[in-house]
Every structure is written in C-alpha cells, then in structure tokens.
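# Summary of the model geometry
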Protein chains: 2
Amino acid sequence: MYDLIIIGGGPAGITAGIYVARKKLNTLLISRDFIGQVGEAFLIENYPGFEEILGSELMEKFKKHLEKFKIDINEGEEVSKISKTKDGNFEVKTSKGDRFLSKAVIIASGRDPRPLEVPGEKEFLGRGVSYCVVCDGPLFEGKEVVVVGGGNSGLEAALELSKFCPKIHILEVSPQLTSDEITQERVKKIEKIEVLTNAEIKEIKGKNFVNSIVYQDLKTKREKTLKVEGVFVQIGSIPATGFIKGLVDFNKKDEIKIDPKTCETKTPGLFAAGDVTDILVKQIIVATAEGAKAALSAYKYLQKSNNYSK
Amino acid sequence: MYDLIIIGGGPAGITAGIYVARKKLNTLLISRDFIGQVGEAFLIENYPGFEEILGSELMEKFKKHLEKFKIDINEGEEVSKISKTKDGNFEVKTSKGDRFLSKAVIIASGRDPRPLEVPGEKEFLGRGVSYCVVCDGPLFEGKEVVVVGGGNSGLEAALELSKFCPKIHILEVSPQLTSDEITQERVKKIEKIEVLTNAEIKEIKGKNFVNSIVYQDLKTKREKTLKVEGVFVQIGSIPATGFIKGLVDFNKKDEIKIDPKTCETKTPGLFAAGDVTDILVKQIIVATAEGAKAALSAYKYLQKSNNYSK
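The structure displayed is predicted, hence computed values, not measured ones. (Residues numbered from 1 in each chain as written. Chains lettered and ligands numbered in written order. Predicted model: local features only at pLDDT ≥ 70, side-chain atom pairs only at ≥ 80, totals over all residues. Heavy atoms only, no water.)

## Concerning the nonpolar core
Counting 130 residues, the largest nonpolar core has Tyr47, Ile82 and Ile107 of chain A together with Tyr47, Ile82 and Ile107 of chain B as the members making the most contacts within it. In this structure, Tyr47 of chain A is in contact with Leu58, Phe62, Ile284, Ile285 and Thr288 of chain A together with Tyr47, Pro48, His65 and Ile285 of chain B, ignoring residues within four places of it in sequence. (Core = buried A, V, L, I, M, F, W, Y, C linked by side-chain atoms within 4.5 Å. Buried < 20%, exposed > 50% of the residue type's maximum accessible area, 1.4 Å probe, protein only. Contact = heavy atoms within 4.5 Å.)

Given below as structure tokens:
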C-alpha cells in the first residue's frame, strides 16, 4: 500500500514526485517513458533558468532531479484503469496486469498527439506519416515534406526539418499562422519553407510509402495536390485519459476538470495536474507548477486523514 | 506608451517578461532589484531542472534569461502608485517621480518579510535584528543567535547560521515545527541548533545592540530570557501592495484576488501574478508559472483590444 501513486513522467508528474519525496511520502510513479511531449520538443527557450535547452536535455535533467530522491519508479508500463476500493483507497492497474494500491493518486498523464482523421493517416503511419520530428526527422533526409499545423510546434518542426529536407511546406487551416511572432520571423528567413494558409488537408496518398497529399484551398474551394514523401502532423494534442472513467469530470475538450487552486478532482484523494487537466495555459513551466500544487494538496489530504505511512 | 508594464523582478515578473518578449510586446519591467525572496534563499532543491542551486544563482540565471530578449528594464526604482487614465490606459508612478504609461499592467511585486511587531524590533533593526540570513549571517560569526520561525525558511536560516554561530535557537510558536521533514532531519543532526516549540517572542532587548530576547513558554505561561546577540525573523511574509488601491480586490491576507486560471484582477487590463496574489501555493516554480499565465492573458487582452504597438 503506497501513500501516493503518480501517473505520468512528464513535467507535472516528475515535479509532483520531487515535492512529495521531500515530504517523505511513500510514493510510486508509473510512466510509459520519460520522454513525452517535452522530450519531443526542440529548443526550449521559455523554461526560466535555461536560456536554450533541448526538450530531451530538459527531460533528462528533470528525471535526474527526481532520482536524487527516494521514490519508487515503474517505467515502461501504462496504466489501464484506476478504481476505488471498498475501503476508500485506490487501485491502479497497468496494461501488463500489475496492480498497485494507494491512499491517494495524482493523474499527470499528459497528452497524446491529435490525429488528422483523414484517409491514409493510419495506413501510412510509420511509412511517411509521423507525429514526432525529433524522433523521425532524420529519416526524411533529402525528401520533400509537409508539416500540418501552423502553431508553435508546427513551425518548430519545419525549422528542424529544414536541416534535412530540401523543401518543407507548412499547411495551416486558418488565415494566419498561430505561432509566436519570434518563431514566425525565423521561418520567414528560410526560403525552402513555404507557408500555405487557408489550406485544409483532405487525404494522404501513396503506394508503399506516402507520395502526396490532397488539400483544399479554403479561399478558392479547389483541391490541390502536394507531392511529398513525409507528413508531419502537428495540430495539437488530446488528453491521455483513457484509463480514468467515472471518478472525474471532463470538460468539452475531454480534459479533467480540477479546482485551479488545489488540483482536486471531484473524488477526494484523486488529484490531476498538468496538460491532462482543464488549465488554460499548456506550457512546461505551468505543468511543473501544477505538479507541485497537486503534490502539496495530496500531502495535506493524507495529513488530514492522518492516514499515511509516516 | 508601452503595451505592458511589469512591476517586479522576481520569478513571476521575469517569467512574464520572457513570455511577452517572445510575443514582441513593447514592455517595461520595473523592479527595485533582482534579488527578492529567491535571492535571499539558500540552497533550492525543488526548482525542477536544478538539483541544487543557490537562490542568488537561480536569480542570476533568471535575469540573464530575461536579458536575452528585448524589453526595457528599469532597475532600482520602486512603484509608488498605479492609476487609470481617462482614456483607459494605466499610469505607473515611481518613488523617484518618474511616470510611465501603458495599455496593460502585470503586478508581480511579491512579498516583504512579515515583522514580529514586538518591542525592540524596529529599534534594533540592523543592530542585531535581521530579516535576511544570506545578507547578514556572516556578520554574526562567533555569536549566539535566535531564529524566530520554525517553517522551511526558519530551519534553513538556522542551518546556514550553523556555519558561523556557536549556538542557534529556533523559536516556534506552534507545538511542532512546520517545515519539510527532510529539513527537520538535517536540523536534528546539528547539535548546536536547539529547537524551542510553544515559544512566543515578546520583546527584543539590548543597549546599542541586541543582547537578549524575552519569550513566553506557552505551556507553562512563564516568561523566559535568551541571551542572544542576533535575532533572525523568519515568520513569513506579507504581500507588497502598498502602491495599488481601488483597482483590485484583496483577500483577508491582503493578497490580490485573481482569477486562478487567467491571473485577471477585477480591472480589465490589470493582471497579477505570483506571491502577491491569493494563489495557495507560494513556491518559486508556481510563481514562474503564474508569470507565464499573466503574460499570455495580457497578450490576449491586447490582441482583443487590437491596440498594441505591433
């Protein structure tokens, strides 16, 4: 029986781990990996204290920071279900069939990439379609590619791909790019990046591998074809909440509703933190803070119930 | 006329500055200094990414990070008043008599040390009474001292003072210390630190300099004297809001009430972030996050009013 189980090894989960370790709670952190959205990010320039740091480096530092303290870490498993036991505790099951019990739980499972949901996307996954430029970018050396999405992650993906690819198209459905001005300026300076706004992807085509996409020009309503061998999908993300039903409420975006001051969900003892929740600002620095808040709330909860292992 | 004025150079103000600089807002940051509560802290072990870092070093990194971007910085001035102009903008006056105008304002002025409010405290300030061990600790080499306050900052102050002082008393009014377990364990290992709980300071005495304090043992109700030459006050802090009246609401602790999701105050265009607000968790990592949130809210506000300098 643990005092606390933390689900997720991103900025929120790790920070929660650091905070509760300092409170000497008997804690288990379960995470598929310690990569997640941050590990897949390029240069991060807005995590205060590090002027410029690669996402993978920052995650490395976070993980090392956590490992300085004594909490149990279960890496490589995914949580498949959380439920309440009869005696008011929580049971957390993993996809490998393990079962863990705890008095409190923090859900910090983050988000998964949002799919395009167009024909060809599933078919060509791993054969031209990718959600992660850091992971797959180098495989597209010398190839013409398209990035779908004109926000920060899309533009940063295009900048990264410009190291490998002779031509990169950015497809954005809105009339304008939505990324930070500073990133837009960098993109403008690179000739081989072409921006297409008012452009909605309709289909991904190919034989064994992707060879083109079809998109609609929303101004003229005409369909056009781009000959590309790679499609990088960067249209945001969806909360990773498949394992949690009934114990929490969701907003329209399927994000877990929390008390913004305490990270409490509607179930006492069950907290949620970071990008899986309905917080407005999805940023690394905010997710870490939410992890700290959830940790301190869980600690208070356990103290009140006078029910932890100390 | 600036788009935005940020008041305060702590974690919240600096992070707000980093975020709006990336949005290319024409911004002025006004701060007395870049030291504040963090700069006065010792070893920080819970800012994710830095396993161990001195408060002063972290502030140095924050400031350097900010200076990478282009915003105006006015260091060495204190804000004396914020008011609204007839045309809906803000006027910010400083104690030196400067006046600045902006379309939006973020208050991130943090907190000042909470005074004991006992006889002798004001009289002996700088002559034995101090609020900052980092600043003044070395002056007490070889002297017996007392730290008032048994929370994290009090215990960390005592640990730091144990480098210089032959004997350190910690005075805590509650029946138990309130700091993290991990810090309590460290204190227990050092023999020359003595913890007095249920002990309430009543008076600071001396001639030219402090030579003793009087406290009440709350169990026996008897007054006792401690012969000490230094009194370090570590009983928390109060929000620094003397310059702002009317435009915001306060809670019972004199903290600025904000919408916890957006950092909005009751005045459109006026935001507040970090430890000056009614957020529950006062931690560096949370204050930085609040700065990011306020910055993005201010950016949205300026975009909506379609009224910024870009």
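## Structural notes on the sheet that holds strand β14 (residues 199-206) of chain A
Residues and elements named next belong to chain A. Read across the sheet, three strands follow the order β14-β15-β16 without closing on themselves; strand pairing throughout is antiparallel. The open sheet terminates on both sides in strands that have one partner only, identified here as β14 and β16 (222-226). Pairwise comparison of adjacent strand axes, ignoring direction, gives a mean angle of 25 degrees for this sheet. Bridge count between strand β15 (residues 210-217) and β16: five bridges; the pairing is antiparallel. (Pairing = 2+ DSSP bridges. Helix = DSSP H or I, 4+ residues; strand = E, 2+ residues; numbered from the N terminus. Axes fitted to C-alpha atoms, helices over the stretch in contact; angles between N-to-C directions.)

## Considerations on the pattern of salt bridges
Evaluated as defined, the whole model comprises 46 salt bridges over all chains. Salt-bridge contacts for Lys68 of chain B lead to Glu45 of chain A; the nearest nitrogen and oxygen are separated by 3.3 Å. With Lys68 of chain B in the loop between α3 (55-67) and β5 (72-75) and Glu45 of chain A in the loop between β3 (43-44) and β4 (53-54), this pair bridges two chains. Judged by relative accessible area, Glu45 of chain A falls into the buried class, the value being 5%. A salt bridge links Lys266 of chain A to Asp249 of chain A, with the shortest nitrogen-to-oxygen separation between them at 3.2 Å. Placement of the pair is Lys266 of chain A in the loop between β18 (237-239) and β19 (270-272) and Asp249 of chain A in the loop between β18 and β19, with a sequence separation of 17 residues. (Salt bridge = Lys/Arg side-chain N within 4 Å of Asp/Glu carboxyl O.)

## Things to note about the domain arrangement of chain A
All names here are of chain A. What the domain assignment reports for chain A is domain 1 (2-113 + 237-304) and domain 2 (129-233). Distance from the C-alpha centre of domain 1 to the C-alpha centre of domain 2: 32 Å. With six residues of domain 1 at the interface, the matching set in domain 2 holds nine residues. Summed over both partners, the interface of domain 1 with domain 2 comes to about 610 Å²; 64% of that surface belongs to carbon and sulfur atoms. Linking domain 1 to domain 2 there are one salt bridge. Glu45 is paired through a salt bridge with Arg186; the nearest N and O atoms lie 3.1 Å apart. Here the residues of the side of domain 1 that touches domain 2 sort into three nonpolar, one polar and two charged. (Domains from an automatic or database assignment. Buried area = accessible area lost by both parts, 1.4 Å probe. Nonpolar A, V, L, I, M, F, W, Y, C, P; charged D, E, K, R; others polar.)

## Some remarks on the interface of chain B and chain A
Across the contact, 42 residues belong to chain B and 42 residues belong to chain A. Taken together, both faces of the contact between chain B and chain A bury some 4,300 Å²; the carbon and sulfur share is 57%. Viewed at the interface, chain A and chain B are joined by 16 salt bridges. Arg22 of chain A is the salt-bridge partner of Glu45 of chain B, the closest N and O atoms lying 3.0 Å from each other. Counting every contact that joins chain B to chain A gives 26 residue pairs in polar contact (both at pLDDT 80 or more). Listed by contribution, the elements that provide at least two residues to the side of chain B that touches chain A are α1 (11-22), α3, α6 (181-188) and α7 (284-304) of chain B. Top element by residues in the side of chain B that touches chain A is α7 of chain B. It accounts for eight residues. Of the residues assigned to the side of chain B that touches chain A, the class counts are 18 nonpolar, eight polar and 16 charged. (Polar contact = N/O pair within 3.5 Å; in protein donor to acceptor, adjacent residues only side chain to side chain.)

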